[in-house]
Amino acid sequence: MTSSSDAYPVPATPYRATGSLRGRTILMSGGSRGIGLAIARRAARDGANVVLLAKTGEPHARLEGTVYSAAEELEAAGGSALPLVGDVRNDDDVAGAVDAAVGRFGGIDIVINNASAIDLSPTDAVDMKRYDLMQDINVRGTFLLSKLALPALRKSSGGHILTLSPPLNLDPKWAGCHLAYTMAKYGMSLTTLGLAEELRGDGIRVNSLWPRTLIDTAAIRNMAGGESLARAARGPEIMADAAHAVLAGAGTKAGPFATGNFYTDEQVLAAAGVTDFRPYSVGAAEADLVPDIFL
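Residues numbered from 1 in each chain as written. Predicted model: local features only at pLDDT ≥ 70, side-chain atom pairs only at ≥ 80, totals over all residues. Heavy atoms only, no water.

Novice: Help me get a handle on the packing of helix H3 (residues 91–105) against helix H4 (residues 128–155), residues and values and all.
Specialist: Running from amino to carboxyl end, H3 crosses H4 at an angle of 35°, the nearest separation of the two axes being 10 Å. The element H3 and its partner H4 pack so that their crossing is right-handed. On H4, the residues touching Asp 91, Val 94, Ala 95, Val 98 and Val 102 of H3 are Arg 140, Leu 144, Leu 145, Leu 148, Ala 149 and Ala 152. The residue makeup of the contact of H3 with H4, split by class, is nine nonpolar, no polar and two charged. (Axes fitted to C-alpha atoms, helices over the stretch in contact; angles between N-to-C directions. Helix = DSSP H or I, 4+ residues; strand = E, 2+ residues; numbered from the N terminus. Left-handed = near helix turned anticlockwise from the far one by under 90°. Contact = heavy atoms within 4.5 Å. Nonpolar A, V, L, I, M, F, W, Y, C, P; charged D, E, K, R; others polar.)

What follows is the structure, encoded as structure tokens:
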């Protein structure tokens, strides 16, 4: 393992951490690219142990990165990584990932539900296979990974489940825009709401995190008009810093960063002292950034 800054250049961001994830073990669904990989890299810079459960074991025709290349980046950033090829929809794969994390690193401190499928089609246009895919990955996968990790999280001195899902905004606009996707993402958020209450007595904190603006990812770029959308987005580092702040900074204490919260990246980083968000932008001025959905 190397920790040289030459091996993986550290992005210049305005966030200054007040806590560390050194020695903590994270189990993440997905994470071979995009926001998940950015969050994992930020944790690895602290010296965290990161277990990645992702489907991409071989290079994809249109998407950059595999679970193995992601693990190499985490090692280069200063962490320890365990790449696992598996599907969060498969019970045996998820159970195996939990067992592998405990076997390799002695336990699990943090679960990050990052894997998600997206289809913004209206109801009459959405393919039912895509509907099932979103329900299986987003809702069932989040529930399953959280459920099977609970015994290990209960043994941690600071167990935490962080899910990348939006606030439960019941404005009919969002259900009317893309009902199938809204149900799938809100299912993830309901898991946060319910588990936070159910696990309150166990000392396991459960929260959600969502970007205030679009984030430049392969998923955005592969959409119609994706290149122009990406130019009006922020880089994934803002979500990485926000996740770090929740998990290692103020998120380790009682108070405003406790459990059952639906944070936005800006909200978290503002509380951590960030006042200038311009360094996170890909290119557009702050006034030209495109807000994310569900807010």
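Novice: Would you mind going over the pattern of salt bridges in detail, with residue names and values included?
Specialist: By the definition in use, this model includes 13 salt bridges. The closest approach of N and O atoms between Arg 41 and Glu 73, which form a salt bridge, is 2.8 Å. One end of the pair, Arg 41, is in helix H1 (residues 34–46); the other, Glu 73, is in helix H2 (residues 67–77), and 32 residues separate them in sequence. Several salt bridges converge on common partners, so that one network encompasses Arg 212, Arg 234, Glu 266 and Glu 286. (Salt bridge = Lys/Arg side-chain N within 4 Å of Asp/Glu carboxyl O.)

Novice: Any chance you could break down empty space enclosed by the protein for me, citing the residues and the numbers?
Specialist: Counted according to the given criterion, the structure contains two cavities of 30 Å³ or more. Counted as a void, the largest cavity has a volume near 80 Å³. Lining the largest cavity are 10 residues; nearest its centre among them are Pro 11, Ala 38, Arg 45, Glu 237 and Ala 240. Elements that contribute at least two residues to the lining of the largest cavity include exactly H1 and helix H9 (237–248). With four residues, H1 is the largest single contributor of residues to the lining of the largest cavity. A breakdown of the residues in the lining of the largest cavity according to their chemical character gives four nonpolar, one polar and five charged. Considered as a void within the structure, the second largest cavity measures approximately 30 Å³ in volume. Around the second largest cavity sit Leu 21, Ile 26, Ile 39, Arg 42, Ala 43, Ile 112, Ala 240, Ala 243, His 244 and Leu 247, which together line it. Here the element with the most residues in the lining of the second largest cavity is H9; it accounts for four residues. The residue inventory of the lining of the second largest cavity, partitioned by class, reads eight nonpolar, one polar and one charged. (1 Å grid on protein atoms, 1.4 Å probe; cavity = no way out; pocket = protein on both sides within 12 Å on 5 of 7 lines; lining within 4 Å. Points joined across faces, edges and corners; volume = space filled by probe spheres on them.)

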